[in-house]
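# Notes for the structure review
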Amino acid sequence: MLTKKILLGVTGSIAAYKAAELIRLLRKDGYFVQVIMTKSAKEFITPLTLQALSGNPVLENMWGPDEGNGMEHINLSRTADLILIAPASANFIAKIANGLADDLLTNLCLARKCPLLVAPAMNIEMFSNSSTQRNLATIKKDGVHVSGPDHGDQACGDFGMGRLINYESLMLDIKRSTSGLLFKGKKILISTGATVEKIDDARAITNLSSGFMGLCLANAAYEFGADVTVIKGVSSHSIPSCIKSIDARNHNEMHEAITSNVRGADIYISVAAISDYKPISNDGKIKKSNSKITLNLMPTQDILGSIGRENGNTFLVGFAAESSNLISNAKKKLKSKNLDIVIGNLISQSMGKSSAEIIIVDNEGEKILPEAPKPELSKIILRHIHKTFSKEKSYEPIS
Ligand SMILES: Cc1cc2nc3c(=O)[nH]c(=O)nc-3n(C[C@H](O)[C@H](O)[C@H](O)COP(=O)(O)O)c2cc1C
């Protein structure tokens, strides 16, 4: 993989200290990071800290002889994959909304050839002020990507919108800004996690699905530019705040959430392990005794199957978790549920694990993928979906 180069602009926000951890995360992911600070940013964190973490001298002055050939205000962005401003002060956003260029960082933004991603960080009143809102609307209209802000406790003691977005979502937005947007403008719905069905008021049955594969697919789909909605069952993995997520803990809630969202989706990926049977409910709590008890289970409606039968135009991807005969069962599922793709995996090799070995089955045949971490597999699966979807739906691929 070629190293991607990020120009990280740090401005005069109290969140400037968070740039230190951000640089560490970027370098861990293999990015080359060149930091540019505004004069105010240096009041909050020293250039030495950011130099040490990024491995490169921090730039600020466009007039100094120590900065390249004296044309750094133009040159730097020519070789960059992204300019990222994190944190971005209200003042800085106002400047770029109006095309001002009175220091190195504003000049770089104005003279750029690469995408610009801005992560605002400020007090709630500064953020909700109509001039800041107007400036944010202007930069978005100009094609600048905006990440966040988050809602929560603020350094000044207030509570509300304005915090720098969390690292997890910011890293996803950075990847989205530097990746090929395979699914730009496409809506992808993903259901993931386990469901829990009540036996009585205190007990329930569930399954061993962790929801990790769905999370990885959601992250990868977001990175590839899709408008992603996740319907999340029971899972210890949280969905990054930049991705829309709807909670659905049991079969009924899954059914309602999926059917009301699938019509508007271009692609539906069903990874959730939704209960096939649920207990005939008992009021109160079954009393403990020494005799055996029998649980009566009734079958639930096959949500993906009925969507496949009635389906209009949504491209459908199902998962088949099997204990044996993987290929034949996956092929059977493809036909019987009228799906476009089935991803098959053996329960023993994938359920609850961070890696898996899978097969991809579609109308053209099957492809076996050797064991790999789920984040890696998710990208391969999405590229395959993109190829088949583009062919079937005459969608112009961007790859
Ligand atoms: C203690 C302190 C904290 C500040 N925090 C923020 C902040 O979080 N966000 C913001 O937009 N401005 C904040 N400001 C105001 C900016 O530092 C100020 O507008 C400055 O001119 C921004 O310069 P720059 O955009 O060139 O970096 C703060 C100022 C002070 C004194």
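All values derive from a computational prediction rather than experimental measurement.

Here is what the cut-offs are and how they apply
- Residues numbered from 1 in each chain as written.
- Predicted model: local features only at pLDDT ≥ 70, side-chain atom pairs only at ≥ 80, totals over all residues.
- Heavy atoms only, no water.
- Helix = DSSP H or I, 4+ residues; strand = E, 2+ residues; numbered from the N terminus.
- Buried < 20%, exposed > 50% of the residue type's maximum accessible area, 1.4 Å probe, protein only.
- Contact = heavy atoms within 4.5 Å.
- Areas by Shrake-Rupley, 256 points an atom, 1.4 Å probe, with all protein chains shown as cover.
- Lys, Arg positive; Asp, Glu negative; His and termini not counted.
- Charge placed at Lys NZ, Arg CZ, Asp CG, Glu CD.
- Salt bridge = Lys/Arg side-chain N within 4 Å of Asp/Glu carboxyl O.
- Pairing = 2+ DSSP bridges.
- Axes fitted to C-alpha atoms, helices over the stretch in contact; angles between N-to-C directions.
- Near = heavy atom within 4 Å.
- Polar contact = N/O pair within 3.5 Å; in protein donor to acceptor, adjacent residues only side chain to side chain.
- Nonpolar A, V, L, I, M, F, W, Y, C, P; charged D, E, K, R; others polar.
- Core = buried A, V, L, I, M, F, W, Y, C linked by side-chain atoms within 4.5 Å.
- Domains from an automatic or database assignment.
- Buried area = accessible area lost by both parts, 1.4 Å probe.

### Some words on the overall build of the protein chain
The helix and strand inventory of the protein chain stands at 14 helices and 19 strands. Relative to its full complement of 399 residues, the protein chain shows a buried share of 51%. Restricting the contact set of the protein chain to residue pairs at least 6 apart, pairs at least 24 apart contribute 67%. When the accessible area of the protein chain is evaluated, it comes to approximately 19,400 Å², of which 50% is carbon and sulfur surface. Each charge class in the protein chain can be summarised by its mean position, and for the 46 positive and 40 negative side chains these summaries are 3 Å apart.

### Side note on the pattern of salt bridges
The full count for this structure, using the stated rule, is 10 salt bridges. Glutamate 21 serves as the salt-bridge partner of arginine 24, at 2.9 Å between the closest nitrogen and oxygen. Taken together, the residues arginine 24 and glutamate 21, both in helix H1 (residues 18–28) and 3 residues apart, mark about one turn of the helix. One salt bridge connects lysine 379 with glutamate 223, and the closest N-O pair in it is separated by 3.1 Å. Residue lysine 379 is located in helix H14 (residues 374–393), and its partner glutamate 223 is located in helix H9 (residues 212–223); the two are separated by 156 residues in the primary sequence. According to the relative accessible area criterion, lysine 379 is partly exposed, its value standing at 29%.

### A look at the sheet that holds strand S17 (residues 341–346)
The sheet built from 8 strands is open, its strands ordered S12-S11-S8-S13-S16-S17-S18-S19 with mixed pairing. Looking at the sheet topology across the chains shown, the edges are occupied by strand S12 (244–247) and strand S19 (365–373). Sheet twist, expressed as the mean angle between neighbouring strand axes with direction ignored, is 20 degrees. Relative to strand S16 (residues 315–322), strand S13 (residues 267–270) is paired through 4 bridges, and the arrangement is parallel. Residue pairing across strands places isoleucine 267 opposite phenylalanine 315, the latter belonging to S16. With respect to the sheet, H14 is in contact with strand S8 (187–192), S13, S16, S17, strand S18 (355–362) and S19, its orientation differing from that of S19 by roughly 155 degrees.

### Concerning the site of the ligand
Within the structure, the ligand sits among 14 residues, and Gly12, Thr38, Ser89, Ala90 and Ala121 are positioned closest to it. Between the ligand and isoleucine 14, the relevant distance is 3.2 Å, taken from an oxygen atom to a main-chain nitrogen or oxygen of the residue. Within the side chain of serine 40, one N or O atom sits 2.9 Å away from an oxygen atom of the ligand. Contact with the protein chains hides 64% of the accessible area of the ligand, taken as 650 Å² for the molecule alone. Of the residues forming the shell around the ligand, the biggest block, 3 residues, is contributed by helix H4 (residues 90–97). When the residues that make up the shell around the ligand are grouped by side-chain class, the tally is 7 nonpolar, 7 polar and no charged.

### A short note on the nonpolar core
General note: in soluble globular proteins, nonpolar side chains tend to be found buried as a group. In terms of nonpolar packing, the biggest core is built from 38 residues, with Ile269, Leu382 and Ile385 touching the most fellow members. The leading source of residues in this core is H9, at 9 residues. Setting aside residues up to four positions removed in sequence, leucine 382 forms contacts with Phe183, Ile188, Leu217, Ala220, Ala221, Phe224 and Ile269.

### With respect to the domain arrangement of the protein chain
Once the domains are mapped, the protein chain shows domain 1 (5–178) and domain 2 (187–285 + 292–391). Each of domain 1 and domain 2 has a C-alpha centre, and these two points are 38 Å apart. Residue-level contacts link 8 residues of domain 1 with 10 residues of domain 2. Taken over both partners, the interface formed by domain 1 and domain 2 buries close to 770 Å², and the fraction arising from carbon and sulfur atoms is 52%. Of all residues in domain 1, Glu168, Leu172 and Arg176 bury the most surface against domain 2, accounting for 66% of the area lost on that side. Taken together, the links from domain 1 to domain 2 amount to 0 salt bridges. At the surface where domain 1 touches domain 2, the tally comes to 6 residue pairs in polar contact (both at pLDDT 80 or more). Counting residues per element, the side of domain 1 that touches domain 2 draws most heavily on helix H8 (residues 167–178), which supplies 6 residues. Taken together, the residues of the side of domain 1 that touches domain 2 sort by class into 1 nonpolar, 2 polar and 5 charged.

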